[in-house]
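Structural description and commentary
The chain contents come next:
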Amino acid sequence: MDTYITGQRWISDAESRMGLGTVLSSEHRTVTISFPATGEVRSYAKETAPLTRVIFNIGDTVTTEEGIKVIVDSVIDNEGLISYQGKNEKGEELIIKEDSLANTVQLNRPAERLFNGQTDSDKWFQARFQTLKHKNRLAHNDLYGLAGTRTSLIPHQLYIANEVAHRHAPRVLLADEVGLGKTIEAGMIIHHQILTERAKRILIVVPESLVHQWLVEMLRKFNLSFSIFDAERCYALEEGDEDIEIFQTEQLVICSLEFLTEYEKYYQQSLLGEWDLLVVDEVHHLYWSTSEVSKEYKIVEQLSHSTRGVLLLTATPEQLGRESHYARLRLLDPNRFPDFNSFVEEEEHYEPIAQAVEELFSDVQLSSKTLDLLGKLLTDTGASFLQMIEKTELHSSENIDARTNLIDQLLDYHGTGRVLFRNTRATIKGFPGRELYAYSLSLPQEYRSLYTDLSNRDMDEDEIKFLLCPESLYQREGNKHWEKIDPRISWLIEKLKLLKEKKVLVICAHAGTAIDISKLLRKKEGMHAAAFHEGLSLIERDRVAAYFADEHEGSQVLICSEIGSEGRNFQFAHHLVLFD
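Residues numbered from 1 in each chain as written. Predicted model: local features only at pLDDT ≥ 70, side-chain atom pairs only at ≥ 80, totals over all residues. Heavy atoms only, no water.

1. Examining the overall build of the chain
Threshold: Secondary structure follows DSSP: runs of H or I at least 4 residues long count as helices, runs of E at least 2 residues long count as strands, and numbering of each begins at the N terminus. Relative accessibility thresholds used throughout: buried, under 20% of the residue-type maximum; exposed, over 50%; partly exposed, between the two (1.4 Å probe, protein chains only). By definition, residues are in contact when any of their heavy atoms lie within 4.5 Å. Using a 1.4 Å probe, accessible areas were evaluated by the Shrake-Rupley method; residue-level cover was limited to the displayed protein chains. Counted charges follow a simple rule, with Lys and Arg positive, Asp and Glu negative, and His plus the chain ends left uncounted. Think of each charge as sitting on NZ of Lys, CZ of Arg, CG of Asp or CD of Glu.
Within the chain, the regular secondary structure consists of 21 helices and 20 strands. Referenced to the eigenvectors of the C-alpha coordinate spread, the extents of the chain come out at roughly 115 × 75 × 50 Å. Per-residue burial for the chain yields a buried fraction of 43% across its 580 residues. Contacts spanning at least 24 positions in sequence make up 63% of the contacts within the chain whose residues lie at least 6 apart. By element, 51% of the accessible surface of the chain is carried by carbon and sulfur atoms, the whole surface being about 32,300 Å². Considering the chain, the positive charge centre built from 63 side chains and the negative charge centre built from 92 side chains are found 4 Å apart.

2. Re the pairing of strand β9 (residues 93–97)
Applicable threshold: DSSP-based pairing: two strands are paired if at least 2 bridges between them are found.
Pairing of strand β8 (residues 81–87) with β9, which is carried by five bridges, proceeds in the antiparallel orientation. In the sheet register, Tyr84 faces β9, and the bridge partner there is Ile96. The antiparallel hairpin formed by β8 and β9 contains five residues in its connecting segment, where Gly91 sits at a positive phi of about 90°.

3. Description of the nonpolar core
The nonpolar side chains of a soluble globular protein tend to be buried with one another. We apply this condition: Side-chain atoms within 4.5 Å are what join buried Ala, Val, Leu, Ile, Met, Phe, Trp, Tyr and Cys residues into a set we call a nonpolar core.
Leu203, Val205, Phe247, Phe259, Leu260, Leu303 and Leu312 are the most contacted members of the largest nonpolar core, which has 40 residues in total. If you tally residues by element for this core, the top one is helix α10 (residues 322–332), at five residues. If we ignore the near neighbours within four places in the chain, the residues touching Leu303 are Leu203, Val205, Leu260, Ser270, Leu271 and Leu278. Membership of the second largest hydrophobic core comes to 32 residues, among which are Val172, Ile189, Ile202 and Ile228.

4. Remarks on the domain arrangement of the chain
When the parts of a complex come together, some accessible area is lost, and that lost area is often used as the size of the interface. Rules: An automatic or database domain assignment is the source of the domain bounds shown.
You can read the domains of the chain as domain 1 (8–116), domain 2 (155–336), domain 3 (352–414) and domain 4 (445–578). Put simply, the middle of domain 1 and the middle of domain 2, counted by C-alpha atoms, are 57 Å apart.

5. A closer look at the pattern of salt bridges
Basically, it comes down to this: Salt bridge criterion: a side-chain nitrogen from Lys or Arg within 4 Å of a carboxyl oxygen from Asp or Glu.
One pass over the full model with this rule turns up 16 salt bridges. Glu98 is the partner of Arg53 in a salt bridge, and the nearest nitrogen-oxygen pair spans 2.8 Å. Residue Arg53 is found in strand β5 (residues 51–53), and its partner Glu98 is found in the loop between β9 and α1 (110–115); the two are separated by 45 residues along the sequence. Overall, Arg53 belongs to the buried group, its relative accessible area being 16%. As a salt-bridge pair, Glu525 and Lys497 come within 3.3 Å of each other at their nearest N and O atoms. Here Lys497 lies in helix α19 (residues 487–499) and Glu525 lies in helix α20 (residues 511–525), a separation of 28 residues in the sequence.

6. Examining the packing of aromatic side chains
Basically, it comes down to this: Between the rings of Phe, Tyr and Trp (Trp by its six-membered ring), a pair exists once the centres lie within 6.5 Å; its type follows the angle of the planes, with under 30 degrees stacked, over 60 edge-to-face, and the other angles tilted. To sit over a ring, a charge needs its Lys NZ or Arg CZ within 6 Å of the ring centre and within 35 degrees of the ring normal.
If you walk through the whole model with that rule in mind, you get 13 aromatic pairs. Arranged with centres 5.2 Å apart and planes meeting at 25°, the rings of Phe229 and Phe247 form a pair that is stacked. A residue pair is termed long-range when its members are at least 10 positions apart, and Phe229 in the loop between β12 (227–228) and α6 (231–240) and Phe247 in the loop between α6 and β13 (252–256) qualify at 18 residues. Taken as a pair, Phe229 and Phe247 share a single burial class, namely buried. Here the aromatic rings of Phe259 and Tyr266 are separated by 5.7 Å at their centres, their planes lie at 20°, and the arrangement is stacked. Grouping residues by exposure puts Phe259 and Tyr266 together as buried. Through a chain of ring-to-ring contacts, three or more aromatic side chains come together here, namely Tyr235, Phe259, Tyr263 and Tyr266. One residue, Arg336, lies across the ring of Phe337, its end atom 4.8 Å from the ring centre.

7. As for the pairing of strand β1 (residues 9–12)
Judged by which residues are buried, β1 turns out to be covered on both faces: Arg9 and Ile11 on one side and Trp10 and Ser12 on the other are all buried. Sheet analysis places β1 next to strand β2 (residues 20–26), joined by three bridges and oriented antiparallel. The residue of β2 that forms the bridge with Trp10 is Gly21. Where β1 meets β5, three bridges bridge the pair, whose relative direction is antiparallel. Its bridge partner being in β5, Trp10 is matched across the sheet by Arg53.

8. Let's talk about the sheet that holds β2
For the record, the criterion: In this analysis an axis means a line fitted to C-alpha atoms, helices contributing only their contacting stretch, and an angle means the value between N-to-C directions, from 0 to 180 degrees.
If you trace the five strands from one edge of the open sheet to the other, you get β4-β3-β2-β1-β5, paired in antiparallel fashion. Each edge of the open sheet carries a strand with a single partner, namely β4 (40–45) and β5. Strand-to-strand twist of the sheet, defined as the mean angle between neighbouring strand axes without regard to direction, takes the value 40°.

What follows is the structure in structure tokens.
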């Protein structure tokens, strides 16, 4: 245990910013130190005090509180108190007592700390050493960047995130079915890429209705603080500096596709953002065909060309047919998918290749048909794997390795390879089965007459949409209270009474329809019907969702517009009603 004497100078190892301290008193187990530079007084237990005795050596320069500097010629120890003898700048011989030294002296540089004996005990070295070893083990763990999130590690999500995140510049299409967690997979990939420093600048582009949802998801589940860029923020930044490069002010950015579409200036600046990773949600909304390309698609296409890594998210990759599916793949790898006709021709040969892969997976003797097909398709390397399969016995390690390598080559050279990842409920265990019930209702005469009028003339695109939403067409013609004539309303009321306390999610095409149904159920039937639509703020949406999720005091039914089916997790509701 160190000996503490009143007047000695010590420095705190943990808080060197406080400068030199002076011993005020020393009790049996404690010592009290004053730090005049910061005006603080600390008491420490002698056995564990993080303090180092300050004694300068011959040749060092010491400074007094008055600013006089003396080069030390000798060190005098007077019963534990130190005095320094030396010459000042004028060559005068002086003796400086340690209690006269400047209080602001700090020993920050390693050499100063070492030469002045300011070293920690071995236990602190061991603690730091073991911490660094542990950090190194974590950095080499296969789950590094994937397991530190506030999410449940569901196997299919973890597999995709692990497969994609370890790529240097991933360019993939995440196409899991609705509710299987594409956002979680993307978040895990982003989190891993940031921790491993493979990506520092990330741009997330989503529909306007999902901007705040993505912001909250990234913060709550992955502790990633993204910044929302919209017109208001850009205007505010430009007020202070007209020449500012807007997208260079933050590393992690979220913006809506509508914002980039509407403001050409800011879209052009986003192209100069030097992004490491681009994430685009709901990409099935981007229209592309051989004869026409939407502005939204062109924007994402230009961003994907200037960004190394690209994650595209959609639950319906082939919703609009082959052209739609090809359009997404083209964004990821235009060299691999150069034109639509070649893609269609190649796709026609996928089935025999898929059958060959199934044989390789099944670990059975390959048929002559499969051998002929593989002989025509494989490169020299692949041919050597095929020869190994034919020469070695089934179930042997050499045979299994050759099959695995051959499957990998087929994935890389044929089909969508490692670009497309899609899980379906049919292949993922643990999800409840779905049962479809269709109900045929009679069409009211009021709706029938409106449909007749429409069918007698050429309809534009907007009018065609009204065919699925007769209540909107009814109101467009100046009529009110559509809910009084619509048989779907009485059907819904009876169904809710029949289901009693079961949670029911009702999805409508338009927010106005959802609001009208919610009001009607509250006023006419006294039901606590929550409405969820794009007109609500982020906080209001969270409150409505939480109210619906509450098992005991929450709402039985949630009436929502289309955004209710995008990104939100309402899987606890076992009954889904598609109102349109």
